[in-house]
Amino acid sequence: MTANSPSVFLLMINGQIEGANFPEYDDLYCKYCFVYGHDWAPTSGLEEGISQITSKGRDSPHRLVWNFPLEITFKSTNPLGWPQIVVSVYGPDTFGNDVVRGYGATHIPITPGQHTRTIPMFVPESTSRLQKFTSWLLGRRPEFTDPKVVAQGEGREVTRVSSQGFVTLSFNIVTKDMKRLGYDTTATETTHTHTHPVAAGFGPGNQTLSM
Amino acid sequence: MASSSDLREKLRKKRRALQHSLQVKDDVDADTQALVPTDRSQSKETAQRDMEELTAGEEEPGDTLRRNLKAQRLRRRRKLEEASVDDKSMVEPFHETVGEVTAVQQISQSDEKPVEPCVVSSPAQSQRGDLPPRPQAKPVPGSSHSESSTMRQRMKDKLKAARSKAESLLQQEASQDGPASRLQSLKDRHTLTRFDRETDADLRGGGDDHPSSLNVKVKFREAVRRVRVDSKSEMGLPTAEEAYNFFTFDFDPEPDEETRKGQKRRTRPEGENEEGEDGGDDDEEKEEEDKEEVTEVDREHQGEDEERDDNAPLMRDEEEELFLIDQSADDFLVFKRAEYMGYQRRLQSENELLFTPSFLTVPASSKVPENMKPRYLEEEGLYVGERPPMSLTNQNILENRILKQEQGRKWFGDDGRIMALPDPIKESSTRPPLFHIEDDLDPALQTVYRKALVSKHASQYISVGGETNGDYQLDVDVSGLIFSHHPLFSQEHVLGSRLVQLYDQHLSRQHRNLTEHLTTKLNGLRNTIGNMLEVHGGQRLTPVMQQRISEYKQEVRNTRRLRDLEQEKDRTLLKGIVKIWKEIKALRDFQRFTNTPYKLYLRREEVERASDVREYEAEIQAEVDELLDEMEEDYQRKVTEYRRQQEEWKVWRRKQRAKNKKKKKTQSQLDDNEDDEDNDDDDRTDGEAEPGPPKPKPPEEPDMEGVEKQVSEKASRIRRKPGEPILVPELTASGPITPNEQCPRGEFARREDVAKRSIFIKVLYNDKEVSRTDNRSLNSDFRVHFGQIFNLKIVNWPESIKLQVFEVLGLSTTLLADVFVPVPESSILTGSAPSEELVFSSNLRVMFDHEAVGSDVPFSFEVDGSNRQTLLTSGKLSCSVSWAVGEDDVPLAPPTTQPKPMYSGLKQLDAIASIGASGLNDMKKLGEWATESRLDPNDPNNADIMQLLKVASSGEVTAPDYFRLEQLQEEFNFVSEEDLEQSRRFRLLRLRNQEVAEFRNYKFVPAMEREVTDKVFEEYERRLKEGEIVDTKGHLDAHRALVAKHLHKIRESIINRFLIAKHHFIMSDLVQEEQVPTIGILGLNLFKLAEPKRPLKPQRKERKKVTAQNLSDGDIRLLLNIIRAYDIPVRKPSVNKPAVTSKSTRSFTETLTAGQSQRATQGSDWLLNQVQVRPFVEVSFQRSVLQTTTADGPNPCWNEDLQLPFSAPNGDYSTANLQSMKDEIFINIFDEVQYELGGDGEDRGKEVHTRLEKHWLGSVKIPFSTIYFQSRIDGTFKVDTPPVLLGYSKERSLASDGGYDAVRSLTEGAFITLFITIEPQLVPGETIREKFESQESEGLLLASEVFERDAAVHFPDRPCLTTVININGKTVFITRYLRPLNPPQELLDAFPNSPQEATDLIARYVSLIPSLPDSVSFAGVCDLWSTCDQFLTLLAGDEEEHAVLLCNYFLSMGKKAWLIIGTAIPEGPTTYVLTYEQNRYLIWNPSSGQYYGQYDTFCPLQTVGCLVSADNVWLNTQAYTSPLRIRFDVTKAKLWKPFFSRAFPNPGLSSVQPEELVYRHTDQAAAAELQDRIEKILKEKIMEWRPRNPTRWNRYCTSTLRHFLPKLELSRGRDVADEHRLELQSLLGDYRISGFPLHLPFSEVRPIVEAVYSTGVHNVEASNVEFALAVHVHAYPNNVLSVWVYLASLIRMR
């Protein structure tokens, strides 16, 4: 892979699952995993992780803090299937059974820089009231067969979900060789600022150049 | 302004009063700031805080002031009302001011009242609170508070703030403009005060009013400028406040100064009064201010007036408002009450604002551009579509409305009407309307569902290249028929129809007008000749000219003759018409009634007699002249001819004379009448002697007189007489018909008869009736109109299209005639096809006893009966047959390339044919045609051709032949289509997206085009290519290659279907949810609590299932627990031992009773002999091999766990992929043999070298898919042992376990007990949840569904099948598969005497057909059942195909046979065959050909779910499912639940099986060839597997083995072991042989190689080993091949 003609671009993600806002629940932990397309591969870092259990503090009665770091680098040849992070939150119910409290997913931001994302979370609903009752009683809430389901659109029409809370993530994104491969993800404003000095070059700036 | 001074005075008073009320105002200020009405106290507080100077008791003054003001107001109002009479405009401001004041009072009185309606505040104040802070809004509350001592300062600040705010707003929102809000502001104006508005807007936080106020401000500047000028000129004083507010920094200080003063004054008038801050200036200022006020008021008046009159100069109003904004500077407040506006005034003002479009028609002049006249395109002959209907009123309203707009005219077209597209609505509805709700639909109209029937003899399909799937349609349009004769014709009808015929003839002749044409031509020719003659005058004509003239003359003659003919015909026709008409009239008179409505009018066209006579004469003259000319010419010619002949004759005569003279001399008798006699003599002599030329007669003189007479005679015959009017016959059918009552009885009866008849037409296509018209009653005019179009969707070639005319009388129908319609050319399309009139007739004899003439019956018109004529029924049928045009204008005609001789002349299809010009392929011709036919380019019907013409003329070829909705699509394409096609990368991406198998999980599509190599596609392309080319090499057998290809195709299509279905999710795919526990489960769970923690007999627990998709390599392992084995063959010392038993045949009885005899015969010496076997088990899966420890004896017990890693192909752990895995688990049992090798000479005795060898004893194969689907396999399996194991014998140790042995001894072979599972447990994929289409009746399908569901509910563990899916993916009822079918005759003939043998052979034959589980080939899709002929063609199938075939064979052999649907090990759910003979039930395993007694413990069949026979299905309802414990008597209703019962009888389902199976004879040569090839391949393979050691082949042994194999085949592998072992032994005494024959059904080479490999024979490492390999292929009918491989290793013994 020569520097001049890269065949892959790299996407480096640093960040953390900062915390969550689940007004009703306490003692939650979360899992994350990445979902990405065929043309993507993690080159370093953890693809999956599970956080500590956190309880609500006295000062911030709504806030659950994990500060769980994410660090992963992907290489890819194709922006198709851009990675998504899937976060699922679990915690004990009233009987102490570990049940799922929320699923959520978001795409990794595509632009380099710092980003904060707040993901709304949801859980699948029971199919009937009886089911709901028994699942509550037995602590066996309906779960997605695979948390990665929430990162794809296919087949979702058969599910019913209810919304739960929010998880906040922060990302610091670094990309490499994207532009070389022809993918320009930087925002248009920045390109404008780039063009300004060029335009100015014909003005007084030109003189300074000639000097 | 008469009362201006008055007013000023009042104002002054008011001002003073206002100064008193300042405190009140401040209260209000506070209120408004908070936007909520505050308490009195609170407001007071605020006021105090704001205004320190005010005394404590200010509340009092406020109240008094209020009272005063009230009084004042009342007074003033009275005055004003008076004033308003003469100066209405003045009232308004007063009202306003007063109103404002009142408002304040009200507010201060009622504290709780919301301030909103008339909130009072200044903008500057309001900024403090509610407005969002503006950047320049400096005055903060604090500052005002602190600096309140200096009101001036405060004022300044506020003004500044207001100014800056205005500015900023101006800047920011100058662009905002809303007429609506402006209007609203105007409306508001009447209810709100000026200040209010501003504040209000501000307070509402930039609501609706916000823009209005801004707008106001925008316009303000100009207004102010104007006003300033005005006021200056008027009063010499600037309007100070405004000027100050807005132009402080822009203008000179002078107005600034003044403004400040005024402002000061205004802002604190109370200060003036009470504290007198600027006492000195006060008066002056007051004066000034008063003036200002007045001017302002005046201006307001003006503004108001203007507003009232005309709402156009809104600016004025706003300008005022803006002044007021500036006045708003804090302390000056005007209050106003909500005011009432009179109804009339409101109406008036509304009228000004609103526009009601009139619904009167707009004059055309205002709709078209000036000086233009409306232009009507229709009149110019251009196509203008029909406009959609719209009521005139609405249209007028719309037009008026549009005209009101600017540029409204552009909506009108040239014709002065609103432009409109043609009406898009079809005239007729495409779907018939349903007037009824479905319930009360007329039962006759109710649709009934009927299954489509598949015709067996639908031959001669239109074979198409596959692309258009034979969607052809013929449109048969039967428009009607006319009888030219019908038996029920009355005489009048006969005449009438004749008249009509003649008239038609006349019309057509007239249409052609040949006479006229010929006359013109004749005249032309005559003129030409005349001209030629004239030009050349008397000069001599050149021969050429002469020639030409004569030609012309010839022409003239011909033309004249033709014309005369035509004229004559015309004349006779006319005469005929007249004659018949006369006859009709006569007839009508005679019979005194009228039957036909025909009426003939003869229209005369008078001609000018003189000119007519002249013309007539001239014509005759011309003709006579010509005739005379001709005659003259003729005469001349004749004369010349005559002369010539005369000459000749004379010469001859002379000669004759000379002769005669000689004669005379000799005779010399008569000389009288010389000449005459001579002549006579001559004649005579001529006749006698030599024939001379006859004496020419002189031509007759042309008879001039006669000619003229002749001509005029002819003219009078064929032409009308000069001066006679031209007669034009006109036939109408409008005449009255005599009503029935007035007719005589005969006629009445006839008419009755006519009314009873009706006619219909059958349409027959290829001699099959496809449709028929309605019955149409016969009218008195014998014309029948049908007007029906039949659309025939056709599959077969059109051979004939026939229309049959039927007549219905009462209930009987008679065929009148057949009319054959020619099959149209494929260029004749609907819409352009002309209607043809086809004549038909019938020779049916019909007679009537009434007036009707009948058919084929002579009748006469004459009274005396003479002139009889006979008429036959005949008529004309008008119809047209054409090919339909599809939706996309594609002609639904079959291609013309079909090699059909009768249609060979068909032309290529062309699009132009669709509009009526068929066969125009040439563009030029097309163009000509288009101009000729004057196509209207605007007509949408012609759009195609116009497009085509345009393209043709402009030379552009790339005309789009499509219509595209997304015109911009191309703009969005990021690469062009070609690039997309060419780019390898894009191709790769697309293929992956399409889930093409090779690329489904392709990772890392390179980012750059260049990095995608062509290699990637190689495999895919090869596969594509292979789809077409059959690779016979890899299959050894051409037939099998074809079959494999076919199977592949089926598989492909089914997998595609599966892939689609895979994307349909159900809830359980996505969400895992616990089932609601039933009471039973709850109870069980409770019971479990009491269970011991570590039970003595632990049971395997169900594990949690894992969906396969999130697994990766290494996650899955295969667990095998090998427990024990029974009856392993034991070693036999290589001692020459006589054969103990040699059984050649076995029968059922023998098998069943064999135990004793065998036990008895087999030697007891084995006990003593200590012959051992040391078996161990080796398991290989995916080429990883594990083995157990070695155990001892023929019944070893290992009880060992083995774990094998599992990896899915391509790392794809999706369900579909796992299901389609074809890997098998081989469980091989080996014997570990220890050989002592002699040590070296010295060490002999001290050291013992041993060599371990493993000898294959048998194997079990379990496909992975079985484990995957069943998740675990637990049981005892029969080990597949070779029929002969050299060096081993199957012995039973009798003494050890006698009792147990008694049970087992019935079976042969070794058994192994195993437990296999996958860790973690995988969830097998669901079968497709797709409802397959079916041709079964709905009732049956429903019943079967119910049956199966019931079974599933009550007996969940019993498989129940009633419907299965055939190879086309359709649901078929299971009993349809069973039908007696003939087995190959050869097999039956093989053992004519022994039915048992034959049965065995047939079972073997069936088992030799290779087994291919559907679940492997059709990954998890479903079980497909193929019929027996398909099975035999494919030569591959699942258990059920085997079972069905076997069962059918048994049925044909007269056995009682059923299919057993059940489960067996290791297959899982499977199908067996049950037979009943000799009072025993036998269970057959169709895939192995084995049979078991019902009570055989080692029968692999574990559960019996249901039994299927050819006519019923029975579900096992007994308590047990094991065949050992159930009864197979299906007649017992308690034990077996039948599907078809008395309540639901069998509808007589026909079988899907063929009537008879046809077998191909075996190609022995091919089998031999195959045998050689297999042997060669195997030998090569073995050598390949032994890369380090040389492989020697013992030829002698090989040939011996080869010799044995056919015997083995014959005996089907039984009981020949001893025989040929002995034989071998004798031959190869000094070799230690271990070997065995393998037997396999043949499908491909690969399984054979695998089987050989798995035996491990090649692994013998000894240096002196030799090998022997023999292959035998035995061919059974229909290419079923049985392959034997005999494999042996030989080690020379010392």
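Residues numbered from 1 in each chain as written. Chains lettered and ligands numbered in written order. Predicted model: local features only at pLDDT ≥ 70, side-chain atom pairs only at ≥ 80, totals over all residues. Heavy atoms only, no water.

Under an unreviewed UniProt entry, the name given to chain B is C2 domain-containing protein, and the organism recorded is Esox lucius.

Threshold: UniProt positions are given in the numbering used here, feature names are shortened, and annotations may be inferred rather than shown by experiment.
Looking at an unreviewed UniProt entry, one finds chain A named B9 domain-containing protein 1, with Esox lucius as its source organism. Among the UniProt annotations of chain A, the heading Function (unreviewed entry) holds the following wording: "Component of the tectonic-like complex, a complex localized at the transition zone of primary cilia and acting as a barrier that prevents diffusion of transmembrane proteins between the cilia and plasma membranes. Required for ciliogenesis and sonic hedgehog/SHH signaling."

Remarks on the sheet that holds strand 1 (residues 472-485) of chain B
Residues and elements named next belong to chain B. Note the following rule: Two strands pair under a simple rule: DSSP has to find at least two bridges between them. Strands are runs of DSSP state E lasting at least two residues, helices are runs of H or I lasting at least four, and both sets are numbered from the N terminus onward. Lines are fitted to the C-alpha atoms to define the axes, a helix being fitted only along its stretch in contact, and any angle between axes, read from their N-to-C directions, falls within 0 to 180 degrees.
Strand order across the open sheet formed by four strands is 7-1-13-10, with antiparallel pairing between neighbours. Only two strands of the sheet have a single partner each, and these edge strands are strand 7 (783-794) and strand 10 (836-842). Strand-to-strand twist of the sheet, defined as the mean angle between neighbouring strand axes without regard to direction, takes the value 25 degrees. Alignment of strand 1 against strand 13 (residues 873-883), held across 10 bridges, turns out to be antiparallel. Bridged to I482 within strand 13 is K876.

Considering the packing of helix 19 (residues 491-512) of chain B against helix 21 (residues 543-591) of chain B
All names here are of chain B. For clarity, the threshold we go by: Working rule for angles: under 35 degrees goes down as roughly parallel, over 145 as roughly antiparallel, 65 to 115 as roughly perpendicular, anything else as oblique. When the near helix sits turned anticlockwise from the far one by under a right angle, the crossing is termed left-handed; a clockwise turn instead gives a right-handed crossing. Ten residue types, Ala, Val, Leu, Ile, Met, Phe, Trp, Tyr, Cys and Pro, are classed as nonpolar, four, Asp, Glu, Lys and Arg, as charged, and the remainder, Gly among them, as polar.
Between helix 19 and helix 21, whose axes approach to 9 Å, the crossing angle comes to 155 degrees. Considered as vectors, helix 19 and helix 21 are oriented roughly antiparallel to each other. For helix 19 against helix 21, the interelement crossing comes out left-handed. Residue classes in the contact of helix 19 with helix 21 are distributed as 10 nonpolar, six polar and eight charged.

What about the nonpolar core?
It is characteristic of soluble globular proteins that their nonpolar side chains tend to be buried jointly. Residue and element names in this part refer to chain B. As a reminder of what qualifies: In plain words, nonpolar cores are sets of buried Ala, Val, Leu, Ile, Met, Phe, Trp, Tyr and Cys residues tied together by side-chain atoms within 4.5 Å. Only protein chains enter the accessibility calculation, which uses a 1.4 Å probe; a residue is then buried when its area is under 20% of its type maximum, exposed when over 50%, and partly exposed in between. Here, residues are in contact when the closest pair of their heavy atoms is within 4.5 Å.
With 75 residues, the main nonpolar core has I1227 and I1312 as its most contacted residues. Aside from chain neighbours lying at most four places away, what touches I1312 is I1122, R1124, A1125, V1177, W1198, I1227, I1229, V1260, G1275, T1276, F1277 and V1279. Ranked by size, the runner-up nonpolar core spans 49 residues in total, among them L1378, C1428, V1444 and C1447.

What about the packing of aromatic side chains?
Rules: Only Phe, Tyr and Trp rings are paired, with Trp represented by its six-membered ring, and only when their centres lie within 6.5 Å; those with planes under 30 degrees apart are stacked, over 60 edge-to-face, the remainder tilted. Think of it as a cone above the ring: NZ of Lys or CZ of Arg counts as a charge over the ring if it is within 6 Å of the ring centre and within 35 degrees of the ring normal.
If you walk through the whole model with that rule in mind, you get 36 aromatic pairs over all chains. Their ring planes at 85 degrees and their centres at 5.0 Å tell us that F1347(B) and F1539(B) sit as a pair that is edge-to-face. Remark: F1539(B) occurs in the loop between strand 36 (1536-1538) and helix 46 (1564-1585) and F1347(B) occurs in helix 40 (residues 1338-1354); sequence separation between them is 192 residues. Assigned by exposure class, F1347(B) and F1539(B) land together as buried. Ring plane angle 45 degrees and centroid distance 4.6 Å describe the contact between Y1476(B) and Y1481(B), whose orientation is recorded as tilted. In this structure Y1481(B) comes out as buried when scored by relative accessible area, which is 17%. Three or more aromatic residues joined by ring pairs form one cluster here, namely F9(A), Y32(A), F34(A), Y36(A), W40(A), F68(A), F74(A), W82(A) and Y183(A). Across from the ring centre of Y1520(B), 3.8 Å away, lies the NZ or CZ of R1525(B), which sits over that ring.

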